[in-house]
Amino acid sequence: MNKLPNEPPVEPEIPEEQQWSRRQFLVGSAALGVAGAVTLFGRQALVDAARGLFGSPVSSGTVHLYAYDYYYIPNYMTWRVGDQMDIIFQNQSHTHWHEWTMGRHVNEAYFQAFGNLPADAWAEDFWDGVPVTLSDPYNIDNFVPNKAIVTYDGPKALFNIQTGGDFSPTLKPGGSIHISFTVPNKPGIWDYGCFVQQYIHYRTGMRGKVMILPA
Ligand SMILES: [Cu+2]
């Protein structure tokens with residue numbers, strides 16, 4: 001709408017506190033819009049655009065990581081070496097099992113195979129030698145510790161601990177688990193993904209990236 005030249009600028013008296021709330025609301029709405037669009041389309045391009053717009057602030061403390069069919073929200077994170085992280089990993093699917101693995105150099109030769117496959121998809125498992133505390137297990141299908149140094153909070157039976165493959169909590173539909181750790185001194189870019197159903201989930205887009213900044 002065109003403003004008349006002689007119209008005085010509108011500067012309502014808004015207390016500082018209220019202005020801050022309004023900014024928070026606007027940012028929150030934009031983020032919700034992106035989440036909604038991702039839910040509808042699950043488009044990598046859209047997510048990349050969102051990352052460009054909003055950046056990727058360093059996460060520390062509690063972060064919710066949601067598994068859907070077949071993508072994660074968020075599908076990128078930025079951590080800093082030495083920071084304390086509490087990842088609440090939750091499977092939002094009503095029908096599908098999902099896991100969270102993290103590493104480098106996925107073996108893409110497995111992608112063409114069917115039937116029984118080796119479970120160690122990453123040539124390098126991020127969690128090797130990393131102290132991790134697991135708690136609040138709910139509807140866990142299984143948990144593979146691999147070479148992580150794991151402390152279990154509560155009865156170990158609830159975690160259904162298995163051997164073989166990468167570090168991977170696998171959740172039944174609606175399941176969740178709390179993964180607590182200090183970001184190890186492994187800076188750089190790491191990938192995460194779900195290899196359930198012979199890597200179909202990963203191939204379909206169920207993957208993400210973590211940028212780890214030096215301390
Ligand atoms: Cu999955």
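Up top is the structure these notes are about.
So, how was this worked out
Residues numbered from 1 in each chain as written. Predicted model: local features only at pLDDT ≥ 70, side-chain atom pairs only at ≥ 80, totals over all residues. Heavy atoms only, no water. Helix = DSSP H or I, 4+ residues; strand = E, 2+ residues; numbered from the N terminus. Buried < 20%, exposed > 50% of the residue type's maximum accessible area, 1.4 Å probe, protein only. Contact = heavy atoms within 4.5 Å. Pairing = 2+ DSSP bridges. Axes fitted to C-alpha atoms, helices over the stretch in contact; angles between N-to-C directions. Phe/Tyr/Trp six-rings, centres within 6.5 Å; stacked < 30°, edge-to-face > 60°. Lys NZ or Arg CZ within 6 Å of the ring centre and 35° of its normal.

A. Representation of the overall build of the protein in the model. For the protein, the count of helices and strands is three helices and 12 strands. Looking at the protein residue by residue over its 215 residues, the buried ones come to 38%. The contacts in the protein between residues at least 6 apart in sequence include a share of 64% that link residues at least 24 apart.

B. Structural context of the pairing of strand E10 (residues 168–182). For E10, the buried fraction is high: 11 of the 15 residues fall into the buried class. Of the pairings in the sheet, the one linking strand E4 (residues 84–91) to E10 comprises seven bridges and is antiparallel in character. Bridged to Gln84 within E10 is Thr182. Relative to E10, strand E5 (residues 98–99) is paired through two bridges, and the arrangement is antiparallel. Considered in E10, the bridge of His98 is made with Leu171.

C. Seen up close, the sheet that holds strand E11 (residues 188–193). The mixed open sheet is built from five strands, whose spatial order is E3-E12-E11-E6-E7. In the strand order of this sheet, the two ends are held by strand E3 (76–80) and strand E7 (122–125), each with one partner. Averaged over all neighbouring strand pairs, the angle between strand axes comes to 40 degrees, with direction disregarded. Note that strand E6 (residues 101–106) and E11 share three bridges and pair antiparallel. The residue bridging Gly103 from the neighbouring strand is Asp191, located in E11.

D. Region of the structure containing unusual backbone geometry. Backbone torsion omega between Asp69 and Tyr70 reads -5 degrees, so that peptide bond is classified as cis. Along the chain, Tyr70 falls in the loop between strand E1 (61–68) and strand E2 (71–73). For His105, which is not glycine, the phi dihedral falls at a positive 65 degrees. Positionally, His105 belongs in strand E6. Of note, the phi angle at Asn139 is positive, near 55 degrees, even though the residue is not glycine. Considering the arrangement of structural elements, one finds Asn139 in strand E8 (residues 131–144).

E. Representation of the packing of aromatic side chains in the model. Here the structure, examined in full by the defined rule, presents 18 aromatic pairs. Judged by centre distance (5.2 Å) and plane angle (70 degrees), the rings of Tyr72 and Tyr192 are edge-to-face. Here Tyr192 lies in strand E11 and Tyr72 lies in strand E2, a separation of 120 residues in the sequence. The burial state of Tyr72 is the same as that of Tyr192; both residues are buried. In this structure, Arg104 is placed above the aromatic ring of Trp190, and the distance from its NZ or CZ to the ring centre is 3.8 Å. Lying across the ring of Tyr202, Arg207 places its NZ or CZ 4.1 Å from the centre.

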